[in-house]
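In case you want the letters, here they are:
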Amino acid sequence: MTEQAQAALFARAVELWGRDAQMLMVVEECGELSQAVLRFLRDRPITGAEIADEIADVTIMCGQLSAMLGLGEMVQERIEYKLARLQVRVEKASENLTAADRSA
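Residues numbered from 1 in each chain as written. Predicted model: local features only at pLDDT ≥ 70, side-chain atom pairs only at ≥ 80, totals over all residues. Heavy atoms only, no water.

Participant: Give a detailed account of the overall build of the protein, specifying residues and quantitative values.
Facilitator: A tally of helices and strands in the protein yields 4 helices and 0 strands. Tracing the protein from N to C terminus, the helices and strands come up as α-α-α-α. Here the protein has a C-alpha radius of gyration of 19 Å; the compact-globule value for 104 residues is 13 Å, and the former is much larger. A principal-axis box enclosing the C-alpha atoms of the protein has dimensions of 60 × 35 × 25 Å. Across the 104 residues of the protein, 13% fall into the buried class. When contacts within the protein are restricted to residue pairs at least 6 apart in sequence, those whose partners lie at least 24 apart make up 56%. Across the protein, the mean location of the 11 positive side-chain charges is 8 Å away from that of the 17 negative side-chain charges. (Helix = DSSP H or I, 4+ residues; strand = E, 2+ residues; numbered from the N terminus. Rg over C-alpha atoms; globule rule 2.2 N^0.38 Å. Buried < 20%, exposed > 50% of the residue type's maximum accessible area, 1.4 Å probe, protein only. Contact = heavy atoms within 4.5 Å. Lys, Arg positive; Asp, Glu negative; His and termini not counted. Charge placed at Lys NZ, Arg CZ, Asp CG, Glu CD.)

Structural data, given as structure tokens:
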């Protein structure tokens, strides 16, 4: 789906069900993802497809939330910033592990 089509779909969902209902749906979907991860961590029955569905639901609802609040560009900038920060942290941790291996 193109970005334009996605934006139109998000706008239509808000038009149909309302902003507050869609914001509550964000919370609900995040809760369902949390429950799915907990099931996985506790070795309870859950499939990869079920977890993928919850990740997809949260991703879609976060896209709607971002669109509703006009934060699309800001969110993308923050994602890029946080990915760069994660990269630095991973590299630093890898260096520390390598140094520890050498001293062991």
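Participant: Can you explain a nonpolar patch on the surface? Please cite residues and give values.
Facilitator: Taken together, the side chains of V75, I79, L83, L86 and V90 make up a nonpolar region of the molecular surface, amounting to roughly 410 Å² of accessible area. Residue L86 is classed as partly exposed on the basis of its relative accessible area, which comes to 46%. (Patch = residues over 30% accessible without salt bridge, like charges linked within 9 Å, V, L, I, M, F, W, Y side chains within 5 Å. Areas by Shrake-Rupley, 256 points an atom, 1.4 Å probe, with all protein chains shown as cover. Salt bridge = Lys/Arg side-chain N within 4 Å of Asp/Glu carboxyl O.)

Participant: For the packing of helix α1 (residues 3–17) against helix α3 (residues 48–68), give the residues involved together with the corresponding values.
Facilitator: Running from amino to carboxyl end, α1 crosses α3 at an angle of 80 degrees, the nearest separation of the two axes being 10 Å. Relative to α3, the element α1 lies roughly perpendicular. Contact residues: α1 offers F10, A13 and V14, while α3 offers I60, G63, Q64, A67 and M68. When grouped by side-chain class, the residues that make up the contact of α1 with α3 number 6 nonpolar, 2 polar and no charged. (Axes fitted to C-alpha atoms, helices over the stretch in contact; angles between N-to-C directions. Parallel < 35°, antiparallel > 145°, perpendicular 65-115°, else oblique. Nonpolar A, V, L, I, M, F, W, Y, C, P; charged D, E, K, R; others polar.)

Participant: Before we move on, can you summarise the pattern of salt bridges with the specific residues and values?
Facilitator: According to the stated counting rule, one finds 1 salt bridge in the structure shown. R12 is paired through a salt bridge with E15; the nearest N and O atoms lie 2.8 Å apart. Placement of both R12 and E15 in helix α1 is noted, with a separation of 3 residues, approximately one turn of the helix. On the basis of relative accessibility, which here comes to 61%, the residue E15 falls in the exposed class.

Participant: Please provide a residue-by-residue account of the state of the cysteines, values included.
Facilitator: Evaluation of the coordinates by the stated rule reveals 0 disulfides. Lacking any disulfide linkage, C30 is separated from the closest cysteine sulfur, that of C62, by 5.0 Å. For C30, a relative accessible area of 32% translates into the label partly exposed. With a relative accessible area of 36%, C62 lands in the partly exposed category. (Disulfide = S-S within 2.5 Å.)

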